Every structure is written in C-alpha cells, then in structure tokens.
Amino acid sequence: MTSTPGGAAAGTATTAGAKAHARAQHGRVGPHMRYVPADSAPEVPGREGPPPGPLTWAETVAPGGYTTAVLARGTRLRLTDPAGDACAHLLLHRAGATQERLSVADTVKVPWQAYPTAGHPLLSGFGRVLATVVADTADGHHDALAGTSTAAGNNARYGASSSFSATPAGRELLLLGALKHDLTARDLVPAISFFQGVRVDAAGRFSWLGSAGPGRSVELLTHLDVLVLIANTAHPLDPRDEFQCSPLEIRAWRAEEELAALAAGELVGELGPEHLTAIANTESDLLARGVL
C-alpha cells in the first residue's frame, strides 16, 4: 500500500498514531450499529415518536448481519423494517436454562394458527410462553414454517453462504450469535421469520407473500428472561433472482405491567385457553423458583 506523507497510513504507522486515530473515532456513528447507551439511538424511520419508556436495547442490523441480546421478563421488543426488505430470523432461548428454547412446532400447533400476528404466543418445548406478539403492523407477513436459510441452499442459489459473504445464510449468522453465549450448532432449532410472509395453498405448496411494505413493525412481550438471536438475511423462499435484504431496526424497553394486561385481555383482546394455560404454566414455574 502506498500513501502520501501525513496520510491515514502514515498516521497509524506507530502505536501512538494508531491510538490517536482510534480515539478520534469515539462518539462517531455508522449506518449499522448498536447504540450505547440505548437512549442515544435516533428515532426509527417510519415510526411516529419514540417508545414509551427508556430504551434497554437499540440497534440497526445491517443487511446480512446478525445480533444477540439477553432481555429481562417483561421487556417489549420492537422490530421495524424501514425499507421493506428486512427479514428477521428469530430464535429465543430461556436465559440461564438454554435447553428450553423456541419450538416452532408448538408455536403453530398449540394456538391452532400457523400464521403469527398480534396475540400469537411463541412457545417453548416445555409448554411455557417465551414471548407473545403484542403488535403487528406488517399484516401477518411472517413465517413460522420454512425456517431460515442454510449453507447448502445459499451456495446452490447465490454461490456463497458464509457469514462474511455478500449472501450469508441465516443459519451461519445465527451460529455466530449462539457461539457468543456458549451455544453450538445443536442449539439452532428452526427459526421464526418476521417481515417476509409465506402461505400454504390447498395443495400443501408454499406460496410467497413477501413484505407488507416499508415502515412496518412487529412487537414482542417477553414472559421469561430470554436470549434473543436474530439474523437479518434473505428468506430461503424469496423468489427474486438477486439476494435482497435491507436494514432492520431494533428497539426494546421494560414493560412489566403489560404482562398482567395481556393475560386480562386488555392488550390484544381475549386470549385463547391454550395461551392462558401456557402463561399459567410459565408463572407457576417462576413461583416455584421464587422469582414471583
């Protein structure tokens, strides 16, 4: 590499210069980053006003990026698709007991509904509620059936799938997030995807619903302390020839009081008996542990 005297290369050629250059970056922001503190985050395009409370997590996830966080029980998590091509592939594990994790089979079977929208519980294989979808302006353009993309699928379709490629597979990205929490590939169960919908026709074939458009959001309310893994990458059934994905906005804040309102039917309307039983099972476990 060549450079002119006094240029960037010359400035970082010494330890002192590298230190000065690095410290000069303090306080700068980029288009895709986690905001620390969370309340320093800008308002999300397409949203009217800030969330009703101090933020505990704020991040812009790049197209083809991933993120992870641990959220407390009673946290409201808002995912927003400003440009209309985000696809949030989500996994939930119970924090501190990661053998309990999202079961998409139970999530569609127990509430008798394959297409998640407001009022839908996200269930673990232990019959407990990890989170409930409490708001949805994406008109149900989500998918709990196809799972995330894989290395084999992306290699065949785009020619590359690694997490550092231009066309990363969701499973590769989720694995990076899992490794940060001492999890492995065996902990990567099928994911649920938000913002790119799929439907099943009368013959049992998948049909592509796609996005509801830019500026849509979905909000979850956590019933347990949860580990959140999110990969923002193209849906495996996206029929477009080129890899398509746009940034994903994340905002979270504490909303413990909404748990009681949800169970009482005051947040998303009356819940089904299966949902209420799963909530009771969740709170019974917390009582036994001395948490409630």
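Keep in mind that what you see is a predicted model, and the values were worked out from it rather than measured. (Residues numbered from 1 in each chain as written. Predicted model: local features only at pLDDT ≥ 70, side-chain atom pairs only at ≥ 80, totals over all residues. Heavy atoms only, no water.)

As for the overall build of the protein chain
- When helices and strands are tallied, the protein chain shows seven helices and 13 strands.
- Expressed as lengths along the three principal axes of its C-alpha atoms, the size of the protein chain is roughly 75 × 45 × 40 Å.
- For the protein chain, the proportion of its 292 residues judged to be buried stands at 47%.
- Taking the intrachain contacts of the protein chain between residues at least 6 apart in sequence as the baseline, contacts between residues at least 24 apart amount to 74%.
- When the accessible surface of the protein chain is totalled, it reaches about 13500 Å², and 55% of it is carbon and sulfur.
- Taking the 23 positively charged and 29 negatively charged side chains of the protein chain as two groups, their mean positions are separated by 7 Å. (Helix = DSSP H or I, 4+ residues; strand = E, 2+ residues; numbered from the N terminus. Buried < 20%, exposed > 50% of the residue type's maximum accessible area, 1.4 Å probe, protein only. Contact = heavy atoms within 4.5 Å. Areas by Shrake-Rupley, 256 points an atom, 1.4 Å probe, with all protein chains shown as cover. Lys, Arg positive; Asp, Glu negative; His and termini not counted. Charge placed at Lys NZ, Arg CZ, Asp CG, Glu CD.)

Thoughts on the sheet that holds strand β1 (residues 55-61)
- The sheet built from six strands is open, its strands ordered β1-β13-β3-β11-β6-β5 with antiparallel pairing. In the strand order of this sheet, the two ends are held by β1 and β5 (121-123), each with one partner. The average angle at which neighbouring strand axes cross in this sheet is 20 degrees, direction not considered.
- In the sheet, strand β3 (residues 75-81) pairs with strand β13 (residues 248-254) via six bridges, with the strands oriented antiparallel. In the sheet register, T80 faces β13, and the bridge partner there is E249.
- Sitting on the sheet, helix α7 (residues 273-288) is in contact with β5 and β6 (129-136), with an inclination near 135 degrees to β6. (Pairing = 2+ DSSP bridges. Axes fitted to C-alpha atoms, helices over the stretch in contact; angles between N-to-C directions.)

Quick word on the packing of aromatic side chains
- Taken as a whole and assessed by the stated rule, the structure comprises one aromatic pair.
- Looking at R199, its charged tip hangs above the ring of Y115, at a distance of 4.1 Å from the centre. (Phe/Tyr/Trp six-rings, centres within 6.5 Å; stacked < 30°, edge-to-face > 60°. Lys NZ or Arg CZ within 6 Å of the ring centre and 35° of its normal.)

Examining the sheet that holds strand β8 (residues 192-194)
- Spatially, five strands are ordered β2-β12-β4-β8-β7 in an open sheet, and the strand pairing comes out antiparallel. For this open sheet the edge positions go to β2 (65-71) and β7 (142-143), each flanked by a neighbour on one side alone.
- As judged from the three bridges shared by strand β4 (residues 88-94) and β8, these two strands associate in the antiparallel manner. Looking at the pairing, A88 lines up with F194 of β8.

Re the pattern of salt bridges
- Scanning the model with the defined rule gives 18 salt bridges in all.
- For the salt bridge of R94 with D285, the shortest nitrogen-to-oxygen distance reads 2.7 Å. On the criterion of sequence distance, the pair formed by R94 in strand β4 and D285 in helix α7 is long-range, its members being 191 residues apart. Pair check on accessibility: R94 and D285 agree, each one buried.
- Shared partners join several salt bridges into a network, and the residues in it are R94, E100, R128, D285 and R289. (Salt bridge = Lys/Arg side-chain N within 4 Å of Asp/Glu carboxyl O.)

It is worth stressing that arrangement in space is one thing and function is another; only the former is reported here.
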